[in-house]
Amino acid sequence: EISACLVGSEMCIRDRIKIVHMGDLHLDSPFSSLSLDKSEVRRRELRAAFTSILYYIRESKVDLALISGDLFEDGYATAETAELLCAQFASAPDCRFVIAPGNHDPFTRGSLYTAKKLPKNVCVFSSEVLQRFVFEDINTEVYGWAFCSDTLTESPLAGKRADGNGRLHLVCGHCDMDSPLSRYCPVTSEDVRKFGAHFCGFSHIHKTPQVHTEAGVTWSYSGVVEGRGFDECGFGGINLIEAETSGDFSLTVKRLKTARRRYEWDKLDISGCRSLSEAAGRIETLIHEKKYGEDTILRVTLTGAVSPDMESTARLESAARGLFALEIDDRTSPIFDTGVLENDLSIRGELYRTLRPALSEGAPEQRAVAADALKLGL
């Protein structure tokens, strides 16, 4: 039996509702790859993105919001963020918020979920065993579970089926559908299909989500609201679901952009460059062609053969114009005349001869390190 909690009993049932699905906000993330001042800007912008979503919920009269885990970073969460969450939830009293704690914000003693009194319109799953909240006025049930530590090795959906009681059935949960051996709640597509909910909203996988529909069951990850690193490129967002609460329970899923900034990662061949200014010019051309701007945190991997006399390309990071931040990943190799260096009796030739085995016969990483050493030495 799946434990149920009845939330509200007004029987003026609406036949169509709006649902927002979001997750992986990771409020109070440290953004350690950025400078101190810019990491603080990003933390503020992440909170602002959440506030903007709540504004949308109020203005668009959203009935139900599914937050499928990792709402905040438990180890970094501040009292300011706790107050923000409570105030924002309370500002949308006509929307019910259902939260499924994840591995970064588990339901534990002393966490925000247990130590802070949340508004009445917030429902939080509290067990690793499947639970459900019943909203009679919108003829909807939301099933879900909570991480109660930083791991969960069993699928709460395995062997379970949604009740055939004529309600719209939703699932809200934090899980990993990529690996059946995952330590982060290994839910399989078979679990999802057999459970038979009309829509399943998941979080944990941060890439831009795809919507899947099989055997009348639709599921999607939330993706991130704001990217936090170069493994989360592009603009983040939320899912907007519009669903019928009776009949065939048809629904649509639409992606809404919420991110203020994006991470992007590009490659650039700067072969032949003999100065930093020449390399900077090629980077500026790339930025212009790709239309990157103040909303972009860009990493550029530089490749190609360049003059060994060129200064360190790390200095190019401070030359970024029109970007929020620029990171240089230098994978270039120096141009040198091996014939001249082979016969050079000075320390330059000795350096080359010492490094030659690694340059010609080493593994790829060894060759890269040897090329860097030769470039610096010369």
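Up top is the structure.
Residues numbered from 1 in each chain as written. Predicted model: local features only at pLDDT ≥ 70, side-chain atom pairs only at ≥ 80, totals over all residues. Heavy atoms only, no water.

Undergrad: What is the right way to read helix α8 (residues 364-377) from this model?
TA: Since the α-helix turns once every 3.6 residues, residues separated by three or four places project in the same direction. Here α8 contains 14 residues, and its C-alpha end-to-end distance of 20 Å stays within 8% of the 20 Å for a straight helix at 1.5 Å per residue. For α8, every residue scored as buried is listed here: Ala 370, Ala 371, Leu 374 and Lys 375. Down the axis of α8, the sector holding all buried residues measures 135°, keeping them to one side. For α8, exposure combined with an orientation more than 90 degrees from the buried face picks out Glu 365, Val 369 and Leu 376. On its buried side, α8 packs onto β16 (305-306), β17 (325-330), β18 (333-334) and α7 (347-361). (Helix = DSSP H or I, 4+ residues; strand = E, 2+ residues; numbered from the N terminus. Expected span 1.5 Å × (residues − 1). Buried < 20%, exposed > 50% of the residue type's maximum accessible area, 1.4 Å probe, protein only. Arc of directions from axis to C-beta. Contact = heavy atoms within 4.5 Å.)

Undergrad: Any chance you could explain the packing of aromatic side chains here in plain terms?
TA: Ring pairs (aromatic) are described by centroid distance and by the angle formed between their planes. Applying the stated rule across the entire model yields 9 aromatic pairs. Considering the side-chain rings of Phe 50 and Phe 89, the 5.9 Å spacing of their centres and the 90° angle between planes classify their relative orientation as edge-to-face. One end of the pair, Phe 50, is in helix α1 (residues 36-59); the other, Phe 89, is in helix α2 (residues 79-90), and 39 residues separate them in sequence. Each of the two residues, Phe 50 as well as Phe 89, counts as buried. With 5.3 Å between their ring centres and 45° between their planes, Phe 72 and Tyr 113 make a pair best called tilted. (Phe/Tyr/Trp six-rings, centres within 6.5 Å; stacked < 30°, edge-to-face > 60°.)

Undergrad: I keep staring at the sheet that holds strand β14 (residues 262-269) and nothing clicks. Help me out?
TA: Think of a sheet as strands paired side by side through backbone hydrogen bonds, with each pair either parallel or antiparallel. Across the sheet, 3 strands lie side by side as β14-β15-β17; this open sheet has parallel pairing. If you trace the sheet from one side to the other, it starts and ends with β14 and β17, each paired once. Neighbour-to-neighbour, the strand axes of this sheet turn through a mean angle of 20°, independent of strand direction. Examined bridge by bridge, strand β15 (residues 296-303) and β17 share 6 bridges and lie parallel to one another. Within the sheet, the bridge partner assigned to Val 300 lies in β17 and is Ile 328. Packed on one face of the sheet, helix α5 (residues 276-290) meets β14, β15 and β17 and runs near 130° to β14. (Pairing = 2+ DSSP bridges. Axes fitted to C-alpha atoms, helices over the stretch in contact; angles between N-to-C directions.)

Undergrad: What exactly am I supposed to notice about α2 here?
TA: The terminal C-alpha atoms of α2 lie 17 Å apart, and with 12 residues this matches the ideal 16 Å at 1.5 Å per residue to within 8%. Of the positions making up α2, those classed as buried are Thr 81, Ala 82, Leu 84, Leu 85, Cys 86, Gln 88 and Phe 89. Tucked inside the fold, the buried residues of α2 contact α1, β3 (64-67), β4 (96-99), α3 (112-115) and β5 (122-124).

Just geometry here; none of it tells us what the structure is for.
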